[in-house]
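Close look at the chain arrangement
Now for the letters of each chain:
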Amino acid sequence: MVRFRGNALGKVDDKGRIVFPAVFRDEFARAGEEDMTLVVKKSVQGNCLNLFTRAEWDHRCDQVLEGLDPELNPEHAAFWSKFNDGVYYVVPDGKLGRLNIPSELLEQTGITKEVVFAGVGYKIEIWPKERRESTLMADETFQATAAKLSAKR
């Protein structure tokens, strides 16, 4: 199973391509995965892009569907449709490992030039460089949340 940790910087070229950082490409080899197909989608939680492996995306979709009945419940159907809107498959090109990100996703998230790839385990977040730092939880809040979560164990 591929897991992503750490951060890397990148730049968007004039065709909307971003070089997928080698540190993350190498994770596929370490996990013995040959299929480097990624799913890119605007984040539900923040104004960034999410990159999932195909297997992780399928797993996440299965988890969401467990609580839904989109065939019989109109609210569930509308949610499921929105959840899957703007989902694209991308594969790093063989030459430089570039990802061709659809322009609509770049526009929706305000990504224009420099980006930060942030590995958060099961996915990678792609943020505009100038906005990434401001989205992180403050140290005091992080410590309080860590204490609260550890108390539940």
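Everything here concerns the structure above.
On a predicted model such as this, the values are computed, not experimentally measured, just so you know.

1. A look at the sheet that holds strand β8 (residues 124-128)
Overall, antiparallel pairing links the six strands, which are arranged β1-β7-β8-β4-β3-β5 in an open sheet. Single-partner strands in this sheet number two, and they are β1 (4-11) and β5 (88-90). Neighbour-to-neighbour, the strand axes of the sheet open up by a mean angle of 25°, direction not taken into account. Strand direction decides the pairing type here: strand β4 (residues 49-53) and β8, joined by three bridges, are antiparallel. Note on β8: the bridge partner recorded for L49 is I126. The strands touched by helix α1 (residues 22-30) within the sheet are β1, β3 (38-42), β4, β7 (114-121) and β8, with β1 carrying the most contacts at an inclination of about 135°.

2. Focus: the pattern of salt bridges
The full count for this structure, using the stated rule, is nine salt bridges. Residues E125 and K123 are paired through a salt bridge, measuring 3.9 Å at the closest nitrogen-oxygen approach. For K123, a relative accessible area of 9% translates into the label buried. Residues joined by salt bridges that share partners form a network here, namely R3, E56 and R60.

3. So, the packing of aromatic side chains
According to the stated counting rule, one finds 10 aromatic pairs in the structure shown. Measuring from centroid to centroid gives 5.3 Å for F52 and W57, while their planes differ by 50°, and the two rings are tilted. On the numbers, 5.4 Å between centres and 10° between planes, the contact of W57 with F83 is stacked. Taken as a pair, W57 in helix α2 (residues 54-66) and F83 in helix α3 (residues 74-83) lie far apart in primary sequence, 26 residues in all. The class for W57 is buried, based on a relative accessible area of 5%. Taken together, the aromatic side chains of F52, W57, F79, W80, F83 and Y122 make up a single cluster linked through ring pairs. The cationic tip of K41 hangs over the ring face of F83; the distance from NZ or CZ to the ring centre is 5.6 Å. Across from the ring centre of Y122, 3.7 Å away, lies the NZ or CZ of R60, which sits over that ring.

4. Some details on the side chain of T53
Tracing the backbone shows T53 in strand β4. Accessibility expressed as a relative area gives 10% for T53, which makes it buried. Leaving out residues up to four positions away in the same chain, T53 has contacts with V2, F4, F28, T37 and L38.

5. What about the nonpolar core?
Core analysis: the biggest nonpolar cluster contains 22 residues, and F20, L49, L51, I101 and F117 have the highest contact counts within it. Secondary structure elements with two or more residues in this core: β1, α1, β3, β4, α4 (103-109), β7 and β8. Among the nonpolar cores identified, the runner-up in size contains six residues, and V39, F52, C61 and W80 belong to it.

Rules of the game
Residues numbered from 1 in each chain as written. Predicted model: local features only at pLDDT ≥ 70, side-chain atom pairs only at ≥ 80, totals over all residues. Heavy atoms only, no water. Pairing = 2+ DSSP bridges. Helix = DSSP H or I, 4+ residues; strand = E, 2+ residues; numbered from the N terminus. Axes fitted to C-alpha atoms, helices over the stretch in contact; angles between N-to-C directions. Contact = heavy atoms within 4.5 Å. Salt bridge = Lys/Arg side-chain N within 4 Å of Asp/Glu carboxyl O. Buried < 20%, exposed > 50% of the residue type's maximum accessible area, 1.4 Å probe, protein only. Phe/Tyr/Trp six-rings, centres within 6.5 Å; stacked < 30°, edge-to-face > 60°. Lys NZ or Arg CZ within 6 Å of the ring centre and 35° of its normal. Core = buried A, V, L, I, M, F, W, Y, C linked by side-chain atoms within 4.5 Å.

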